[in-house]
Amino acid sequence: MSTGVGFIACAIAGVFFGSNFVPVKKYEVGDAVFFQWIMCMGIWCVGMITLGFVDDKEFHALSMLGGALWCTGNILCLQVMKLIGMSMGLMVWGITNSVVGWATGKFGLFGLDKNSISDPALNYVGLSLTVVSLAVFSQVQTSVRPVDDKNDPLSEPMLAGKDSEVGENIRKAQAEKDSDWATRLDPKLRHVVGFTGACICGLFFGLNFTPPLYEKAHGGPQSETDYVFSHFCGIFATSTFFMISYAIYKKNDPFVRGYLVLPALVSGVMWGIAQVSFFLAIQELQIVIANPIIASLPSVVAGLWGILRFGEITGAKNIALFSGGTLIAVIGVILV
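Thresholds applied
Residues numbered from 1 in each chain as written. Predicted model: local features only at pLDDT ≥ 70, side-chain atom pairs only at ≥ 80, totals over all residues. Heavy atoms only, no water. Helix = DSSP H or I, 4+ residues; strand = E, 2+ residues; numbered from the N terminus. Buried < 20%, exposed > 50% of the residue type's maximum accessible area, 1.4 Å probe, protein only. Contact = heavy atoms within 4.5 Å. Areas by Shrake-Rupley, 256 points an atom, 1.4 Å probe, with all protein chains shown as cover. Expected span 1.5 Å × (residues − 1). Core = buried A, V, L, I, M, F, W, Y, C linked by side-chain atoms within 4.5 Å. Salt bridge = Lys/Arg side-chain N within 4 Å of Asp/Glu carboxyl O. Axes fitted to C-alpha atoms, helices over the stretch in contact; angles between N-to-C directions. Parallel < 35°, antiparallel > 145°, perpendicular 65-115°, else oblique. Left-handed = near helix turned anticlockwise from the far one by under 90°. Nonpolar A, V, L, I, M, F, W, Y, C, P; charged D, E, K, R; others polar. Polar contact = N/O pair within 3.5 Å; in protein donor to acceptor, adjacent residues only side chain to side chain. Phe/Tyr/Trp six-rings, centres within 6.5 Å; stacked < 30°, edge-to-face > 60°. Lys NZ or Arg CZ within 6 Å of the ring centre and 35° of its normal.

1. What about the overall build of the protein chain?
Each helix and strand counted, the protein chain has twelve helices and zero strands in total. The linear arrangement of helices and strands in the protein chain, starting from the amino end, is α-α-α-α-α-α-α-α-α-α-α-α. Relative to its 336 residues, the protein chain shows a buried fraction of 54%. Of the contacts made within the protein chain by residues no fewer than 6 positions apart, 85% connect residues no fewer than 24 positions apart. Accessible surface, the protein chain as shown: approximately 14800 Å² in total, 67% of it carbon and sulfur.

So, in structure tokens, the structure goes:
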């Protein structure tokens, strides 16, 4: 194992996981199902490229379950961002992810091999600090700005005609925005629901490596990157199932917008690069070390985006809480 390569992979994963929603942040994603479907196309493309660089080209069906777990968590997190913002959402589900992923490797849950740790005491302290940082981050109040309509091509006044097809599309788009369930919640309830939802997302994310690691522990290839393509196929297959189900539920009138295609593809490619780096970090460092680090770093990156670019975290108290939570998380990462 190469420790240096492992930590570089952690850094790459942390930056890309913390930034992959930035390309689409200013666009209206509606129910987010179409957005996720296109995003997962970008992820699958990264998986295809990765397949050309690994030794084992065999398909590992069980690893698809890991992709399905992640995809389910991802479709939920897109709704969570409507409630508490990108920065807060990434903070909460990132820390929850770190605890769940750490536990699977530390205790050998679900039939996995137990990871050996050189200094268990420091590892426990580091994990405890990441949990404390979660409590601190939960107190940060975010301000989620509505999407600017000028970014929505359907909002342009090119069709005054009431009976035109485009005019009908605009009225539908506006009705969808006005009826968005997230905007109707009381601010305090929105925070509670969003925080709880982010924790559920973290649970799915923390378990998404369990199927490929189970295969490895029971006679499969010993290189984690050999499972990337199968894992990504599971992601794309599950997102396709969600898209078809969504289209049926909407009676073949889903929220589909052409302006989402490129941002969603870029978001997917960024996420795919981060996930490949995550697989590599687990390969070089073990999941009990890599997972807490990578799950915590995006929280800091997303928080900086929220403060410096999107204005989601404002006010001296909230910035102080974010700074304190970040400091605690960083110390925890170092000790892990």
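2. Quick notes on helix α7 (residues 187–207)
Given a rise of 1.5 Å per residue, 21 residues ought to cover 30 Å, and the 31 Å separating the end C-alpha atoms of α7 matches this to within 8%. Every buried residue of α7 is accounted for by H191, G194, G197, A198, C201, G202, F205, G206 and L207.

3. Let's talk about the nonpolar core
Core analysis: the largest hydrophobic core is formed by 72 residues, its most contacted members being F21, F35, W70, W93 and L260. The leading source of residues in this core is helix α3 (residues 63–107), at 16 residues. If near-sequence neighbours (up to four positions away) are discounted, W93 is found in contact with F21, C77, V80, M81, A198, C201, G202 and F205.

4. Some thoughts on unusual backbone geometry
Despite not being glycine, K251 shows a phi value in the positive range, around 55°. Relative to the helices and strands, K251 resides in the loop between α9 (228–249) and α10 (261–285). One non-glycine residue, N252, lies in the positive phi region at around 60°. Here N252 lies in the loop between α9 and α10. Since its relative accessible area comes to 67%, N252 is described here as exposed.

5. Topic: the pattern of salt bridges
Pairing between side chains of opposite charge can happen when their charged atoms approach one another. Summed over all chains, the structure comprises one salt bridge. Across the salt bridge formed by E224 and K216, the nearest N and O atoms sit 2.5 Å from each other. The buried category is assigned to E224, whose relative accessible area is 4%.

6. Notes on the packing of helix α2 (residues 33–51) against α9
Between α2 and α9, the shortest axis-to-axis distance is 8 Å and the interhelical angle comes to 160°. Taken together, α2 and α9 sit at an angle that is classed as roughly antiparallel. For the pair α2 and α9, the sense of crossing is left-handed. Of the residues in the contact of α2 with α9, the class split is 19 nonpolar, five polar and no charged.

7. Brief notes about the environment of S128
Within the secondary structure layout, S128 lies in helix α4 (residues 120–137). Residue S128 is classed as partly exposed on the basis of its relative accessible area, which comes to 43%. Residues S128 and I328 lie 200 residues apart in sequence; the distance between their C-alpha atoms is 9.8 Å. A polar atom in the side chain of S128 sits 2.8 Å from the backbone oxygen of Y124.

8. Quick notes on α2
A rise of 1.5 Å per residue sets the reference length of α2, with its 19 residues, at 27 Å; its end C-alpha atoms lie 27 Å apart and thus fit the reference within 8%. Along α2, the positions that sit buried rather than exposed are V33, F34, F35, Q36, I38, M39, C40, G42, I43, V46, G47 and T50.

9. Re the packing of helix α1 (residues 3–19) against α10
α10 packs onto α1 with a crossing angle of 150° between their chain directions and a minimal axis gap of 8 Å. As far as their axial angle goes, α10 and α1 are roughly antiparallel. For the pair α1 and α10, the sense of crossing is left-handed. Packed against α1, whose contacting residues are T3, V5, G6, F7, A9, C10, I12, A13, F16, F17 and S19, the element α10 presents M270, W271, I273, A274, Q275, S277, F278, L280, A281, E284 and L285 at the interface. Taken together, the residues that form the contact of α1 with α10 break down as 16 nonpolar, five polar and one charged.

10. Regarding the packing of aromatic side chains
Throughout the structure, instances matching the rule amount to 15 aromatic pairs. Aromatic side chains F17 and F278 sit 6.1 Å apart centroid to centroid with 70° between the ring planes, which places their arrangement in the edge-to-face category. Here F278 lies in helix α10 and F17 lies in helix α1, a separation of 261 residues in the sequence. Considered together, F17 and F278 belong to a single accessibility category, that of buried residues. These aromatic residues form a ring-pair network of at least three members: F17, W70, F205, F209, F232, W271, F278 and F279. Between the NZ or CZ atom of R257 and the centre of the ring of F255, over which it lies, the distance is 4.2 Å.

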